[in-house]
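Results of the structural survey
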Amino acid sequence: MPLLDLDKITAGLSKTWSGFLRDWDRSLRSGNYPEATRYNYLPAVIPTAAISVL
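Below is a short write-up of the structure.

What follows covers unusual backbone geometry. With the exception of glycine, most residues fall at negative phi, and the peptide bonds are largely trans. Of note, asparagine 32 is a non-glycine position whose phi angle comes to about 60°, a positive value. Relative to the helices and strands, asparagine 32 resides in the loop between helix H2 (15-30) and helix H3 (35-52). For asparagine 32, a relative accessible area of 69% corresponds to the exposed category.

Encoded structure:
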């Protein structure tokens, strides 16, 4: 089971932001970053995405 469930943490965001974060996670995975590193980066961006849609 993956440490990071993108569907769960991007719930409530616009499709644009959700797609951006999914693409960013994909680029981190392709760069062979460990899942723990991705876990630190992505949740830090979620509040920014949520605030920008207000």
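This part covers the pattern of salt bridges. One pass over the structure, following the stated rule, counts three salt bridges. Close ionic contact of aspartate 7 with arginine 22 constitutes a salt bridge, the shortest N to O distance being 2.8 Å. Taken together, the residues aspartate 7 in helix H1 (residues 6-9) and arginine 22 in helix H2 connect sequence positions 15 residues apart. The residue aspartate 25 makes a salt bridge to arginine 29 at a minimum N-O spacing of 3.3 Å. In this pair, aspartate 25 and arginine 29 are both assigned in helix H2, four residues apart and thus about one turn of the helix distant. By relative accessible area, which is 40% here, arginine 29 ends up partly exposed.

Criteria and cut-off values
- Residues numbered from 1 in each chain as written.
- Predicted model: local features only at pLDDT ≥ 70, side-chain atom pairs only at ≥ 80, totals over all residues.
- Heavy atoms only, no water.
- Helix = DSSP H or I, 4+ residues; strand = E, 2+ residues; numbered from the N terminus.
- Buried < 20%, exposed > 50% of the residue type's maximum accessible area, 1.4 Å probe, protein only.
- Salt bridge = Lys/Arg side-chain N within 4 Å of Asp/Glu carboxyl O.

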